[in-house]
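Listed here are the chains, written in short residue letters.
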Amino acid sequence: MEIKNNELLRQFENQTDKGLLSVEYSIQERKLFLTKLNCNDALDEDTVTEFLKSIMAIAEEKKYRVVPTNPKITSFFRKNPSYKELLPPGIKI
């Protein structure tokens, strides 16, 4: 899945046939705060999951710790325990 990092708007974007899928973020002290998930209701959950997995790959590559502040992103971490290693110390989901 191709992800565009829009640094001006501070969001990761992917254009799908059903609309724009984006996650707003903030970077502080080597931590990637995922603050808001913007998606169309017509998108299926598998597309959103693949999008979030691609974002986690970017975070692993840049050696960021991921702090999810959005309930949908938090539930992604619950469903995919292999990504819990990206959480900073002291945060349990």
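Predicted model, so just to flag it, every value in this text is computed and none were measured. (Residues numbered from 1 in each chain as written. Predicted model: local features only at pLDDT ≥ 70, side-chain atom pairs only at ≥ 80, totals over all residues. Heavy atoms only, no water.)

### Re the overall build of the chain
Condition: Think of it this way: any DSSP run of H or I at least four residues long counts as a helix, any run of E at least two long counts as a strand, and we number them from the N terminus. It is over C-alpha atoms that the radius of gyration is taken, and the globule rule equals 2.2 Å times the number of residues to the power 0.38. Relative accessibility decides the category of a residue: with a 1.4 Å probe and only protein chains considered, values under 20% of the type maximum give buried, values over 50% give exposed, and everything between is partly exposed. Should any heavy atoms of two residues lie within 4.5 Å, those residues are considered in contact. Computed with a 1.4 Å probe, the accessible areas rest on the Shrake-Rupley method; for each residue, only the protein chains presented here act as cover.
A tally of helices and strands in the chain yields two helices and five strands. A globule of 93 residues ought to have a C-alpha radius of gyration of about 12 Å, and the chain, at 12 Å, matches this closely. Within the chain, the fraction of its 93 residues that count as buried is 42%. Within the chain, residue pairs in contact and separated by at least 24 positions form 43% of the contacts whose partners lie at least 6 positions apart. Of the roughly 5800 Å² of accessible surface on the chain, 47% is carried by carbon and sulfur atoms.

### Details of unusual backbone geometry
For Arg 10, which is not glycine, the phi dihedral falls at a positive 55 degrees. Locating Arg 10 in the fold gives a position in the loop between strand S1 (4–6) and strand S2 (11–16). Its identity is not glycine, yet Glu 29 carries a phi of approximately 50 degrees, on the positive side. On the basis of relative accessibility, which here comes to 71%, the residue Glu 29 falls in the exposed class.

### Some thoughts on the layout of surface pockets
To keep it simple, the criterion reads: Put plainly, a pocket is an open set of points on a 1 Å grid over the protein atoms alone with protein on both sides within 12 Å along at least five of seven lines, a cavity is a set where a 1.4 Å probe fits but cannot get out, and a lining residue has an atom within 4 Å of a point. Grid points are joined across faces, edges and corners, and a volume is the space filled by probe spheres set on the points. Under this grouping Gly is polar, as are all residues other than the nonpolar Ala, Val, Leu, Ile, Met, Phe, Trp, Tyr, Cys and Pro and the charged Asp, Glu, Lys and Arg.
If you add up the space inside the largest pocket, you get close to 230 Å³. For the largest pocket, the lining is made up of 15 residues, of which Leu 37, Glu 45, Val 48, Thr 49 and Lys 72 are closest to its centre. Of all elements in the fold, only helix H1 (45–61) and helix H2 (71–79) reach the threshold of two or more residues within the lining of the largest pocket. Taken together, the residues of the lining of the largest pocket sort by class into six nonpolar, four polar and five charged.

### Structural notes on the pattern of salt bridges
As a reminder, the rule being used: In what follows, salt bridge is the name for a side-chain nitrogen of Lys or Arg lying within 4 Å of a carboxyl oxygen of Asp or Glu.
One pass over the full model with this rule turns up one salt bridge. The closest approach of N and O atoms between Glu 45 and Lys 79, which form a salt bridge, is 2.8 Å. With Glu 45 in helix H1 and Lys 79 in helix H2, this pair connects stretches of sequence that are 34 residues apart. The burial state of Glu 45 is the same as that of Lys 79; both residues are exposed.

### Notes on the packing of aromatic side chains
So the rule is basically this: Each Phe, Tyr or Trp ring, with Trp reduced to its six-membered ring, pairs with another whose centre is within 6.5 Å; inter-plane angles below 30 degrees give stacked pairs, above 60 give edge-to-face pairs, and intermediate values give tilted ones.
Enumeration over the complete set of coordinates arrives at three aromatic pairs. In textbook terms, an aromatic cluster arises when at least three aromatic residues are bridged by ring pairs, as seen for Phe 76, Phe 77 and Tyr 83.

### Concerning the pairing of strand S5 (residues 65–68)
Put simply, the rule is: Only strands that DSSP links by at least two bridges are regarded as paired with each other.
Bridging between strand S4 (residues 31–38) and S5 involves four bridges; their strand directions are parallel. Each residue of the ladder has a partner; that of Phe 33, found in S5, is Val 67.

### Some points on the nonpolar core
For the record, the criterion: As used in this record, nonpolar core signifies buried Ala, Val, Leu, Ile, Met, Phe, Trp, Tyr and Cys residues forming a set joined through side-chain atoms within 4.5 Å.
Formed by 23 residues in total, the largest nonpolar core has its most connected members in Val 23, Leu 32, Leu 34, Ile 55, Met 56 and Phe 77. Top contributing element to this core by residue count: H1, with six residues. Setting aside its immediate chain neighbours within four residues, Phe 77 contacts Met 56, Val 66, Pro 68, Tyr 83, Lys 84, Leu 87 and Ile 93.

Remember that the coordinates give geometry; whether it matters functionally is a separate question.
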